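# Topology and contacts: notes
Residue-level listing of the chains:
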Amino acid sequence: GAVVSQHPSRVICKSGTSVKIECRSLDFQATTMFWYRQFPKQSLMLMATSNEGSKATYEQGVEKDKFLINHASLTLSTLTVTSAHPEDSSFYICSARRGAASTDTQYFGPGTRLTVL
Amino acid sequence: QQQVKQSPQSLIVQKGGISIINCAYENTAFDYFPWYQQFPGKGPALLIAIRPDVSEKKEGRFTISFNKSAKQFSLHIMDSQPGDSATYFCAASMGGQAGNKLVFGAGTILRVKS
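Residues numbered from 1 in each chain as written. Chains lettered and ligands numbered in written order. Predicted model: local features only at pLDDT ≥ 70, side-chain atom pairs only at ≥ 80, totals over all residues. Heavy atoms only, no water.

Attention shifts here to the overall build of chain B. Secondary structure assignment for chain B yields zero helices and 11 strands. Each helix and strand of chain B, placed in order from N terminus to C terminus, yields the pattern β-β-β-β-β-β-β-β-β-β-β. For 114 residues, the compact-globule estimate of 2.2 N^0.38 gives 13 Å, and the C-alpha radius of gyration of chain B, at 14 Å, lies within 12% of that figure. Expressed along its principal axes, the backbone C-alpha trace of chain B runs to roughly 45 × 30 × 20 Å. Across the 114 residues of chain B, 46% fall into the buried class. Here the analysis covers contacts within chain B between residues at least 6 apart in sequence; of these, 54% occur between residues at least 24 apart. Separation between the mean location of the 12 positive side-chain charges and that of the 7 negative ones in chain B comes to 7 Å. (Helix = DSSP H or I, 4+ residues; strand = E, 2+ residues; numbered from the N terminus. Rg over C-alpha atoms; globule rule 2.2 N^0.38 Å. Buried < 20%, exposed > 50% of the residue type's maximum accessible area, 1.4 Å probe, protein only. Contact = heavy atoms within 4.5 Å. Lys, Arg positive; Asp, Glu negative; His and termini not counted. Charge placed at Lys NZ, Arg CZ, Asp CG, Glu CD.)

Turning our attention to the packing of aromatic side chains. Residue and element names in this part refer to chain B. Evaluated as defined, the whole model comprises 17 aromatic pairs over all chains. An angle of 75 degrees between the planes, with centres 6.4 Å apart, marks the rings of F30 and F33 as edge-to-face. Look at F30 and you get buried, because its relative accessible area is 3%. Residues W35 and F73 carry aromatic rings whose centres are separated by 5.7 Å and whose planes lie at 70 degrees to one another, so their mutual orientation is edge-to-face. (Phe/Tyr/Trp six-rings, centres within 6.5 Å; stacked < 30°, edge-to-face > 60°.)

Next up on the list: the nonpolar core. Residues V4, F30, F33, W35, F73, L75 and Y88 of chain B are the most contacted members of the largest nonpolar core, which totals 26 residues. At the level of elements, β2 (10–14), β3 (19–25), β4 (33–38), β5 (45–50), β7 (62–67), β8 (72–77), β9 (86–93) and β11 (108–113) of chain B are the ones that each hand at least two residues to this core. (Core = buried A, V, L, I, M, F, W, Y, C linked by side-chain atoms within 4.5 Å.)

All right, on to the sheet that holds β7 of chain B then. Residue and element names in this part refer to chain B. Strands sit in the order β1-β3-β8-β7-β6 across an open sheet of five strands; the sheet is antiparallel. Two strands bound the open sheet, and with one partner strand each, they are β1 (4–7) and β6 (56–59). Sheet twist, expressed as the mean angle between neighbouring strand axes with direction ignored, is 15 degrees. Pairing geometry for β6 and β7, over four bridges, is antiparallel. Following the sheet pairing, E56 is matched in β7 by S65. (Pairing = 2+ DSSP bridges. Axes fitted to C-alpha atoms, helices over the stretch in contact; angles between N-to-C directions.)

The next point concerns the interface of chain B and chain A. Counting residues at the interface gives 21 residues for chain B and 22 residues for chain A. The interface formed by chain B and chain A contains one salt bridge. Between E59 of chain A and K101 of chain B there is a salt bridge, with the nearest N and O atoms lying 3.0 Å from each other. Summed over the shared surface of chain B and chain A, the number is six residue pairs in polar contact (both at pLDDT 80 or more). Sorting the residues of the side of chain B that touches chain A by element identifies β4, β9 and β10 (102–104) of chain B as the ones contributing at least two each. By residue class, the composition of the side of chain B that touches chain A is nine nonpolar, eight polar and four charged. (Salt bridge = Lys/Arg side-chain N within 4 Å of Asp/Glu carboxyl O. Polar contact = N/O pair within 3.5 Å; in protein donor to acceptor, adjacent residues only side chain to side chain. Nonpolar A, V, L, I, M, F, W, Y, C, P; charged D, E, K, R; others polar.)

On the surface, a cluster of nonpolar side chains totalling about 240 Å² of accessible area is made up of I18, I20 and M78 of chain B. Within the fold, I18 of chain B resides in the loop between β2 and β3. (Patch = residues over 30% accessible without salt bridge, like charges linked within 9 Å, V, L, I, M, F, W, Y side chains within 5 Å. Areas by Shrake-Rupley, 256 points an atom, 1.4 Å probe, with all protein chains shown as cover.)

Let's shift gears to the pattern of salt bridges. Tallying each qualifying case throughout the model produces six salt bridges over all chains. Put simply, E22 of chain A and R24 of chain A hold a salt bridge, and the shortest N to O gap is 3.5 Å. Take R24 of chain A: its relative accessible area is 34%, and that puts it in the partly exposed class. The partner of E59 of chain B in a salt bridge is K57 of chain B, with the nearest N and O atoms 3.6 Å apart. When its relative accessible area of 36% is taken as the criterion, E59 of chain B is described as partly exposed.

As a further point, take the environment of S10 of chain B. All names here are of chain B. As for its position among the elements, S10 is in strand β2. Of the residues examined, S10 reaches a relative accessible area of 48% and is grouped as partly exposed. In this structure, the C-alpha to C-alpha distance between S10 and C23, residues 13 residues apart in sequence, is 13 Å. Not counting residues up to four positions away in its chain, the partners in contact with S10 are T108 and I109.

Printed below as a string of structure tokens:
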């Protein structure tokens with residue numbers, strides 16, 4: 001159990017276009033979903049925390065108008081990278097947590113590799 | 001205070017040996033300490049986790065040792081295998097206003113030589 005999927009797994013786009021990444025919890029309802037980005041050989045950097053039905057909470061330095069997050073249901077969150085530029089190229093990973101406690105496990109998706117040309 | 005410091009940055013171990021990765025934290029409000037394993041191009045997968053009221057937790061070949069007074073915890077991989085070659089991240093989280101977010105260490109690249 002506790003499977004999280006992401007779609008697409010890989011996307012290449014032209015500079016200036018927008019890209020949407022989906023994150024789904026397949027076998028549980030996620031009260032909270034998180035979005036991370038990871039550069040090569042680096043750790044995960046939290047971008048935002050998303051609760052179903054409410055606005056996402058963005059980490060300091062993350063532009064909320066550039067990285068739009070929608071958490072429409074307890075099993076789906078989307079990240080839209082608007083007007084993407086080459087510096088947005090990265091590995092984007094979502095995670096989902098079943099409960100609200102800090103001790104509840106975060107289950108990670110397989111990641112989405114974004115390349116902006 | 002929100003940081004989790006992880007060492008070493010990389011580690012090479014012979015097959016059958018013990019791999020040890022260490023993490024340290026400052027904030028005593030952290031109440032959950034998971035370890036994640038990540039293979040190249042994949043998302044992290046939970047390996048094992050511990051709470052601060054327990055000094056050790058073992059699951060198969062993986063053991064977490066937790067030293068609350070020293071604010072340190074470590075992952076031991078017994079009988080290390082080439083298939084264990086991956087990047088390992090320690091993490092910590094706390095509730096309350098921190099929003100139950102995970103704070104990750106920098107990661108350790110483990111290579112097990114056959």
